[in-house]
Amino acid sequence: MADAKVIPFDDDRSRARRRPGGRADGEAAAVRALPGPQQGPQEPEGDQEGSAPGTAGEAPGADAGADGETGAEAEAGAAAGGWERRLAGGLAFLRRRVTGDYEVDEFGYDEELTDQVLMSLLRPLYEKYFRVEVKGVENIPAEGGALIVANHSGTLPLDGLMMQVAVHDHHPAGRHLRLLAADLVFVLPVVNELARKAGHTLACAEDAERLLRSGEIVGVMPEGFKGIGKPFGERYKLQRFGRGGFVSTALRAGVPIVPCSIVGAEEIYPMLGNAKTLARVLGFPYFPLTPTFPWLGPLGALPLPTKWTIQFGEPIPTDSYAPEAAEDPMLMFNLTDQVREQIQHTLYKLLVQRRSVFF
């Protein structure tokens, strides 16, 4: 099996071959073929001439029957053509995976696998289970780098994945979100490899700055484990945003900060308690006790089907600051507080507007 090609992150040639939507020219057909059936070939217009009902020499009602049969055949042909395209696209995708004829960047991001497989697996959860409503996605720049800062909750980090689908599926420019993840993600078997393939990278300033300077959309959740593992009684109350490292990174890269508020994730696993001793034994930051887990076993690990809203707020520009501003602790404190307050205010507004946790 051939090895996958590793593209240098700053290689202009790889970006020159990609379209504004982020897909390479050779990948477009396969990407479109997998998500759903395509329209089949249209019938030639010339065949419809002389087939109007009432033509001399034709029995009354004969055309209606013929048209009905032709319509059914055309529909069947379109469905067959759609499946043929999907099958051909799938086989082409598998051939590229087997032969190693695909590309990854130096962080391990596999755009083709993410578009055709990982997003397709997450999309039913996003659209049918959590029924995510997205607002303000136009606040994310159409080009260039940007740092999306969001609240974190839900016991398991499903909110980050749903935010990634929201940007991927709803942004007009078809942009991709690169999430910064905690160390724990990259030491777990299987999860580590999938996270790399999906474009996630370690939550460190160096990696984040390199991604931002290269024009990527980067997502960060500064609350970390304090946010995702907080008890249910403190839901939608933002925890401390660290020391403002994300602001310093945005200032150095000169990219805007886009606040993001997520409502609905807090209730998927209502965390009523924390088995701290068991968490220490397993090496986890916390071990959640919910109304269903661990009492119902694997069934208790299913999230509740809450209704989600993800809102991207007005971007906060940073390009007007001097390069040395990243070393100003007072400026970092003020910008961090501004981002946090904007997210918290939007959370309260969305909660007031919400009719129900599940609808």
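Please read these numbers as outputs of a predicted model, since none were measured by experiment.

A word on the pattern of salt bridges. Inspection of the entire model under this criterion finds 13 salt bridges. Through salt bridges with shared partners, a single network forms among Arg96, Arg97, Asp110, Glu112 and Lys197.

Let's shift gears to empty space enclosed by the protein. All told, the structure shown has two cavities of 30 Å³ or more when counted by the stated rule. As a volume, the largest cavity reaches approximately 60 Å³. Around the largest cavity, the lining residues are Gly154, Thr155, Gly227, Ile228, Lys230, Pro231, Phe232, Arg235, Glu266, Tyr269, Pro270 and Met271. When grouped by side-chain class, the residues that make up the lining of the largest cavity number six nonpolar, three polar and three charged. In this structure, the second largest cavity occupies an estimated 30 Å³ of space. Residue lining of the second largest cavity: Pro259, Cys260, Ser261, Gln311, Phe312, Gly313, Gln342, Ile343 and Thr346, and that is the complete set. Classifying every residue of the lining of the second largest cavity by side-chain character gives four nonpolar, five polar and no charged.

Quick look at the confidence of the model for the protein chain now. Averaged over all residues, the pLDDT of the protein chain equals 83, while 78% of them reach at least 70. Overall, residues 1-69 carries pLDDT values under 50, and its contacts beyond four positions in sequence, including any with other chains, amount to 86 contacts.

On to the side chain of Thr249. One can find Thr249 in helix 9 (residues 245-253). For Thr249, the contacting residues outside a window of four places in its chain are Ala205, Ala208, Glu209 and Leu212.

Here the focus is the packing of aromatic side chains. By the definition in use, this model includes four aromatic pairs. Judged by centre distance (4.6 Å) and plane angle (25°), the ring pair of Phe130 and Trp308 falls under stacked. Taken together, the residues span a long stretch of sequence, with Phe130 in the loop between helix 4 (111-129) and strand 3 (133-135) and Trp308 in the loop between strand 10 (288-289) and strand 11 (309-312) at a distance of 178 residues. You'll find Phe130 and Trp308 in the same group, each marked buried. Between Phe287 and Phe293, the aromatic rings sit 5.8 Å apart at their centres with planes inclined by 40°, giving tilted as the arrangement. By way of ring pairs, the aromatic residues Tyr129, Phe130 and Trp308 are connected into one cluster. Geometry around Tyr102 places Arg97 over its ring, the cationic atom sitting 3.7 Å from the centre. The cationic tip of Arg235 hangs over the ring face of Phe232; the distance from NZ or CZ to the ring centre is 4.1 Å.

This brings us to helix 5 (residues 158-170). In this model helix 5 runs 18 Å from its N-terminal to its C-terminal C-alpha over 13 residues, within 8% of the 18 Å that 1.5 Å per residue would give. Looking at the buried positions of helix 5, the neighbouring elements they touch are helix 4, strand 3, strand 4 (146-150), strand 5 (177-181), strand 8 (257-263) and strand 11.

Quick look at unusual backbone geometry now. Across the junction of Phe293 and Pro294, the peptide omega takes the value 5°, indicating a cis bond. Note that Pro294 resides in the loop between strand 10 and strand 11. The phi angle at Thr155 is positive, at roughly 75°, despite the residue not being glycine. Its place among the elements puts Thr155 in the loop between strand 4 and helix 5. Look at Thr155 and you get buried, because its relative accessible area is 6%. Notably, Val190 is not glycine yet its phi reads approximately 70°, a positive angle. Along the chain, Val190 turns up in the loop between strand 5 and helix 6 (191-197).

In terms of nonpolar packing, the biggest core is built from 30 residues, with Leu147, Val149, Phe246 and Val339 touching the most fellow members. When residues in this core are grouped by element, the largest group, seven residues, is from helix 11 (residues 329-353). Beyond its immediate chain neighbours, meaning those up to four positions away, Leu147 contacts Leu212, Val218, Val220, Phe246, Ala250, Val255, Pro256, Ile257 and Val258. Core analysis: the second largest hydrophobic core is formed by 29 residues, Tyr126, Val167, Ile268 and Ile310 among them.

A word on the packing of helix 9 against helix 11. Packing of helix 9 against helix 11 leaves a shortest axis separation of 9 Å and a crossing angle of 110°. Considered as vectors, helix 9 and helix 11 are oriented roughly perpendicular to each other. On helix 11, the residues that touch Phe246, Val247, Ser248 and Leu251 of helix 9 are Leu331, Met332, Leu335, Thr336 and Val339. Here the residues of the contact of helix 9 with helix 11 sort into seven nonpolar, two polar and no charged.

The rules we used
Residues numbered from 1 in each chain as written. Predicted model: local features only at pLDDT ≥ 70, side-chain atom pairs only at ≥ 80, totals over all residues. Heavy atoms only, no water. Salt bridge = Lys/Arg side-chain N within 4 Å of Asp/Glu carboxyl O. 1 Å grid on protein atoms, 1.4 Å probe; cavity = no way out; pocket = protein on both sides within 12 Å on 5 of 7 lines; lining within 4 Å. Points joined across faces, edges and corners; volume = space filled by probe spheres on them. Nonpolar A, V, L, I, M, F, W, Y, C, P; charged D, E, K, R; others polar. pLDDT = per-residue confidence, 0-100. Contact = heavy atoms within 4.5 Å. Helix = DSSP H or I, 4+ residues; strand = E, 2+ residues; numbered from the N terminus. Phe/Tyr/Trp six-rings, centres within 6.5 Å; stacked < 30°, edge-to-face > 60°. Buried < 20%, exposed > 50% of the residue type's maximum accessible area, 1.4 Å probe, protein only. Lys NZ or Arg CZ within 6 Å of the ring centre and 35° of its normal. Expected span 1.5 Å × (residues − 1). Core = buried A, V, L, I, M, F, W, Y, C linked by side-chain atoms within 4.5 Å. Axes fitted to C-alpha atoms, helices over the stretch in contact; angles between N-to-C directions. Parallel < 35°, antiparallel > 145°, perpendicular 65-115°, else oblique.

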